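# Observations on the three-dimensional arrangement
Letter by letter, the chains look like this.
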Amino acid sequence: MKRLSTDDRLAWIRLSNKREKKHLKRIQPLNNRRKPKKSLTHSSDILKAPEVFELIKSRHHKKLLEFIGKLRDKVLIQKNKVIVDFSSTKSMVVCGTLLFFSELHRIERELGSLNLVSCIPPKDETVSQVLKHLGILNMLNNNSPIIPKRVDVINWKTASGEITDATKVGQILEEQSKLPKDKSKKLYRGVSEAMTNVSQHAYMDLRNDGANIVGEKGWWMFCREEDDHISVAFCDLGVGIPITLPKTIEGNKEESLFKTILQTLFGSDKVKYSDGELIRAAIEIKRSRTQKRHRGKGLLDMIKAIDNTQGGRLTILSNKGCYLYNLNNTKPSEDIKNYKDSIFGTLIIWSLPISRDYRG
Amino acid sequence: MNASTINVTTTNIDIGKDFSHYPAGRYETDGPFNGELFRAEFLVPVLNSHQQITIELDNTAGYGSSFLEEAFGGLVRLGYSSAQIKTAITFHSEDPSLIEEIEEYILDAEQD
């Protein structure tokens with residue numbers, strides 16, 4: 001056998017060491033291996049907020065509800081940390097913003113705080129001001145120094161509660177300088193009835209969002225006065241009209257009347273009706289779940305809020321359905337719409353044109 | 001405020017000033033200024049004492065149907081007839097449709 005030279009011997013030793021290390025790495029338990037450094041993204045999920053917070057257009061509806069659903073699942077159900085990334089958000093519309101606002105408050109109420117949630121603030125100045133003005137940035141532990149100054153931001157007013165106390169709502173409506181008294185009273189009628197529905201029907205069962213929160217109640221309201229119209233939106237996160245309505249007619253003599261109404265309205269004898277169709281039928285049948293004639297006028301009150309108001313609009317979103325009522329040229333038009341995703345609750349939006357010249 | 005703190009021999013009840021500027025809700029379990037409470041505190045004592053009163057409707061932020069129906073239609077469910085109610089109560093409002101609405105609730109309750 002030939003004797004190894006010094007160089008060969010050293011090379012052989014190096015090769016042996018390399019083989020030894022490889023072998024040890026193969027047999028070493030996974031949890032003893034050196035782990036990579038933790039970055040911020042590994043301790044919190046980043047949840048990208050949509051560009052537009054709006055619910056009527058289908059594409060916006062889908063994206064907003066996907067975002068809200070993920071937020072609810074990760075924070076409320078899984079108790080994970082989340083960073084909400086508003087950097088791409090460009091528009092905050094009343095309906096979508098109210099739903100998000102309500103869901104945040106619900107999560108905060110249930111968990112006792114929103115310490116699990118932080119945010120990357122928006123790049124858009126107006127969106128920043130809206131989020132600051134509504135208190136959302138503070139809720140998400142962001143102490144932005146931004147001061148809301150835009151007129152179309154600071155005129156957003158909010159109210160919320162768990163019982164039918166319309167004091168704050170009435171004060172907000174009466175403060176709207178461009179809103180004539182008769183229209184203010186009609187809006188008050190609609191909102192106070194929506195509030196009464198919350199007390200009596202909206203939370204009759206568990207909300208079907210997987211959170212299984214027992215005994216909850218709550219309503220939230222936005223009011224926003226702009227140059228030529230006023231928007232008032234009211235939200236509850238209950239079971240929705242499509243759930244409470246079947247309970248109204250189940251097992252009593254009005255069930256056949258209800259079926260007749262549905263067939264008359266939608267021209268077919270379906271086994272299952274969409275949420276939009278059920279909302280429309282709820283308005284038509286003029287009843288509440290107790291089946292007494294003196295009950296159940298609340299939904300009609302909501303239409304009365306815009307009656308005789310040229311250009312007035314009422315939108316009722318409940319679960320996957322949407323009912324739209326417009327008053328143009330004194331003729332009302334009604335339409336229904338259905339979405340793939342549910343808002344798990346009810347959101348009502350009144351929009352009334354107001355005069356630029358009205359001084360109240 | 002309740003009926004015992006106002007002079008029940010007066011002929012007027014101003015809902016907005018004597019009860020609440022922000023009436024809302026049907027039952028006492030709904031909220032603080034509901035129709036059931038207004039009926040119990042203000043209307044029932046009037047009917048029981050055979051007084052005649054005028055109710056001022058205008059000085060509130062508005063009314064929901066639940067409040068009005070429970071307050072006034074609810075009198076019929078308690079056993080008062082529409083004739084008794086009409087004799088005892090006169091309504092005042094600049095909005096005649098509001099008075100018509102209340103009268104309709106009273107008549108409908110009698111037919112139920």
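Along each chain, the written sequence defines residue order, and numbers are assigned to residues from 1. Following the order in which they are written, the chains are lettered starting with A and the ligands numbered starting with 1. Only residues with pLDDT of at least 70 are given local features in this predicted model, and only at 80 or more are side-chain atom pairs given and counted; all residues enter the totals for whole chains, interfaces and linings. Derived side-chain values reflect all non-hydrogen atoms in the structure, with water molecules and hydrogen atoms excluded from consideration.

### Brief notes about helix α12 (residues 275-285) of chain A
The cut-offs for exposure are 20% and 50% of the maximum accessible area for each residue type, with area from a 1.4 Å probe on protein chains only; residues under the lower value are buried, those over the upper are exposed, and the others partly exposed. In DSSP terms, a helix is any run of H or I states spanning at least four residues, a strand is any run of E spanning at least two, and both are numbered starting from the N terminus. With 10 of 11 residues buried, α12(A) lies mostly within the body of the structure. Listed in full, the buried residues belonging to α12(A) are Asp275(A), Gly276(A), Glu277(A), Leu278(A), Ile279(A), Arg280(A), Ala281(A), Ala282(A), Ile283(A) and Ile285(A).

### Some remarks on the domain arrangement of chain A
Residue and element names in this part refer to chain A. A domain assignment, automatic or from a database, supplies the domain bounds used here. Segmenting chain A into domains produces domain 1 (41-154) and domain 2 (155-360). Taking only C-alpha atoms into account, the centre of domain 1 sits 24 Å from that of domain 2. Tallying the contact residues gives 31 residues for domain 1 and 32 residues for domain 2. Once two parts are put together, the accessible area they lose, assessed with a 1.4 Å probe and summed over both, is termed the buried area. Buried surface at the junction of domain 1 and domain 2, summed over both partners, amounts to about 2700 Å²; 64% is from carbon and sulfur atoms. Together, Val94, Leu98 and Arg106 form the three largest contributors to the area buried by domain 1 at its contact with domain 2, with a combined 23%. Salt bridges are counted wherever a side-chain nitrogen of Lys or Arg sits within 4 Å of a carboxyl oxygen of Asp or Glu. Inspection of the region where domain 1 meets domain 2 yields 6 salt bridges. Whether two residues are in contact is decided by their heavy atoms, any of which lying within 4.5 Å being enough.

### Concerning unusual backbone geometry
A positive phi angle is found at Phe344(A), which is not glycine, with a value near 55°. Tracing the backbone through its elements, the reader meets Phe344(A) in the loop between β11 (331-338) and β12 (346-353). Phi is positive for His50(B), which is not a glycine, with a value near 55°. The residue His50(B) is located in the loop between α2 (35-48) and β2 (53-56) in this model.

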